[in-house]
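Listed below, chain by chain, are the residues.
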There are 2 protein chains.
Amino acid sequence: MPRLWTTTIEEHRRTVQAAVLDATADLVAQHGLTSVTMSQIAKATGIGRATLYKYFPDVEAIMITWHERQIGHHLDHLAAIGSKGGGPEQRLHAVLNAYATIQHGHRNHPLASLLHRGPHLLQARRHLRDFFAELLSEAAADGHVRDDIAPSELANYCLHALDAATELSTEAAVNGLVAVTVAGLRP
Amino acid sequence: MPRLWTTTIEEHRRTVQAAVLDATADLVAQHGLTSVTMSQIAKATGIGRATLYKYFPDVEAIMITWHERQIGHHLDHLAAIGSKGGGPEQRLHAVLNAYATIQHGHRNHPLASLLHRGPHLLQARRHLRDFFAELLSEAAADGHVRDDIAPSELANYCLHALDAATELSTEAAVNGLVAVTVAGLRP
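Conventions used here
- Residues numbered from 1 in each chain as written.
- Chains lettered and ligands numbered in written order.
- Predicted model: local features only at pLDDT ≥ 70, side-chain atom pairs only at ≥ 80, totals over all residues.
- Heavy atoms only, no water.
- Core = buried A, V, L, I, M, F, W, Y, C linked by side-chain atoms within 4.5 Å.
- Buried < 20%, exposed > 50% of the residue type's maximum accessible area, 1.4 Å probe, protein only.
- Contact = heavy atoms within 4.5 Å.
- Domains from an automatic or database assignment.
- Buried area = accessible area lost by both parts, 1.4 Å probe.
- Salt bridge = Lys/Arg side-chain N within 4 Å of Asp/Glu carboxyl O.
- 1 Å grid on protein atoms, 1.4 Å probe; cavity = no way out; pocket = protein on both sides within 12 Å on 5 of 7 lines; lining within 4 Å.
- Points joined across faces, edges and corners; volume = space filled by probe spheres on them.
- Helix = DSSP H or I, 4+ residues; strand = E, 2+ residues; numbered from the N terminus.
- Nonpolar A, V, L, I, M, F, W, Y, C, P; charged D, E, K, R; others polar.
- Phe/Tyr/Trp six-rings, centres within 6.5 Å; stacked < 30°, edge-to-face > 60°.
- Lys NZ or Arg CZ within 6 Å of the ring centre and 35° of its normal.
- UniProt positions renumbered as here; feature names shortened; annotations may be inferred.
- Arc of directions from axis to C-beta.
- Least-squares fit on C-alpha atoms with pLDDT ≥ 70 in both.

You'll find chain A entered in an unreviewed UniProt entry as TetR/AcrR family transcriptional regulator, with Micromonospora endolithica given as the organism.

Shown next as structure tokens:
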């Protein structure tokens, strides 16, 4: 096959997949995961049921792919914040704050307990831990973060402590949580 | 039925139930949850299969009851530590340290991901949060803990931050985690 042709097929596949993910997320948000069928999803996407099965075996597989896409967006967002200007301390705080805000946004999410297991999430958490550890290591070199504990362990602490944001009801409480978590990092 | 008789039956039931829980925990530790059958459990307990079914509908129900018993022991242990002598700060630190040690003990536990959902755990966490909040409130009144954040929110922070102990490999790292978490609580 000529290169251009492959690219077009690949692009088409990606467009269809994205449309399936969007349609499924909408349907699940409206009706709940257990009452959404592959037929409904095919109809909402505007493709045939047989075509849908060429992309995904079942609704759960679609939701996991959707979740992977969401996680990808979150990681991109955090990476963008972490590479903005400012000193290491400033960037660290901005990233921790953004992570707490993301976790806070997941509170009461009906799919959280279902999707927040799964190997795809473990990988994202490992990625996040490395990213946090890098920021922490830079901030420690600058004397803004304690250096008596390994950056990877501090990163682990930050991830867990900020997960508490999923149980907070106000933005003020989230800011308080970030302040407490950051206070634990001081030299 | 005379009172004495009822007590004896009740005691007998409790003894049998405890024996079932012990035998099941042993079998599951040896063979894994999915390969243990009700027949094996009845045999290991030394009771008939029909009798076992009068106590529990299936292996999972036994494991959940076993887990409830474990959680009860942990809560008793923490309560005992929290009511020992010493000032509020000292008792708070002892309890947080003990909780981190319990969580650390669960690392790599094959049943953790299975049992650590479930409504019985939510209730235990609520209980723990109240208990932590009480200790934090006393320590704050003594000037050892910050009072700009509600004790219940600080308790939530402690619970989540110390859960990071499940991912640490050494006791030294657990001590470091407790130190960082406690540092976040300072006024």
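This is not the end of the story, as more comes after the structure.
(A) Examining the nonpolar core more closely. With 80 residues, the main nonpolar core has Phe132(A) and Phe132(B) as its most contacted residues. Beyond its immediate stretch of four places on either side in the chain, Phe132(A) contacts Val95(A), Leu96(A), Tyr99(A), Ala155(A), Cys158(A) and Leu159(A).

(B) Up close: the domain arrangement of chain A. All names here are of chain A. Per the domain assignment, the segments of chain A are domain 1 (1-57) and domain 2 (61-187). Tallying the contact residues gives 14 residues for domain 1 and eight residues for domain 2. When the two sides are added together, the surface that domain 1 and domain 2 hide from each other amounts to roughly 860 Å², 85% of it contributed by carbon and sulfur. When the buried surface of domain 1 facing domain 2 is broken down by residue, Leu21, Leu33 and Phe56 rank first, second and third, together holding 52% of it. One can count one salt bridge joining domain 1 with domain 2.

(C) Fine view of empty space enclosed by the protein. Scanning the entire structure with this criterion turns up one cavity of 30 Å³ or more. Empty space within the largest cavity amounts to approximately 40 Å³. Those elements giving two or more residues to the lining of the largest cavity turn out to be α8 (151-163) of chain A together with α9 (171-183) of chain B. The residue makeup of the lining of the largest cavity, split by class, is seven nonpolar, one polar and one charged.

(D) Seen up close, the environment of His104(A). Residue and element names in this part refer to chain A. Along the chain, the position of histidine 104 falls in helix α5 (residues 88-105). Exposure remark for histidine 104: the relative accessible area of 8% places this residue in the buried category. Placed 70 residues apart in sequence, histidine 104 and valine 174 show a C-alpha to C-alpha distance of 7.3 Å.

(E) Spotlight on the packing of aromatic side chains. The final tally for this structure, using the stated rule, is five aromatic pairs over all chains. A ring pair is formed by Tyr99(B) and Phe132(B), whose centres lie 5.6 Å apart and whose planes are at 85°; its orientation type is edge-to-face. Taken together, the residues span a long stretch of sequence, with Tyr99(B) in helix α5 (residues 88-105) and Phe132(B) in helix α7 (residues 119-141) at a distance of 33 residues. A residue is classified by how much of its surface remains accessible, and Tyr99(B), at 4% relative accessible area, is buried. Residue classification places Phe132(B) among the buried residues on the basis of a relative accessible area of 0%. Ring geometry for Phe131(B) and Phe132(B): centres 6.5 Å apart, planes at 45°, overall tilted. Look at Phe131(B) and you get buried, because its relative accessible area is 17%. Among the aromatic side chains, those forming a connected cluster through ring pairs are Tyr99(A), Phe131(A) and Phe132(A). Above the ring of Tyr55(A), the side-chain terminus of Arg13(A) is found at 4.6 Å from the ring centroid.

(F) Spotlight on the UniProt feature "DNA-binding region" (unreviewed entry) in chain A. Here the UniProt feature "DNA-binding region" (unreviewed entry) sits at residues 37-56 of chain A. The span residues 37-56 of chain A is 75% helical and 0% strand by assignment, and the distance between its end C-alpha atoms comes to 12 Å.

(G) Layout of helix α2 (residues 38-45) of chain A. The complete set of buried residues in α2(A) reads Met38(A), Ile41(A), Ala42(A) and Thr45(A). Angularly, the buried residues of α2(A) cover 100° about the axis, an arc narrow enough to put them on a single face.

(H) The relation of the copies chain B and chain A, seen in detail. Turning chain B through 180° and shifting it by 0.0 Å along the axis lays it on chain A, with an RMSD of 0.0 Å. Those values place the two copies in the arrangement expected of a two-fold rotation axis. Both copies contact each other with a shared surface, as 100% of the interface residues of chain B are interface residues in chain A too.

(I) Inspection of the pattern of salt bridges at higher detail. Counting across every chain of the model gives ten salt bridges over all chains. The salt bridge involving Asp22(A) is made with Arg69(A); its shortest N-O contact spans 2.6 Å. In this pair, Asp22(A) sits in helix α1 (residues 3-31) while Arg69(A) sits in helix α4 (residues 59-82), placing the two residues 47 residues apart along the sequence. The class of Asp22(A) is partly exposed, set by a relative accessible area of 39%. In this structure, Asp163(B) engages Arg125(B) in a salt bridge whose closest nitrogen and oxygen atoms are separated by 3.0 Å. Of this pair, Asp163(B) sits in helix α8 (residues 151-163) while Arg125(B) sits in helix α7, and the two are 38 residues apart along the sequence.

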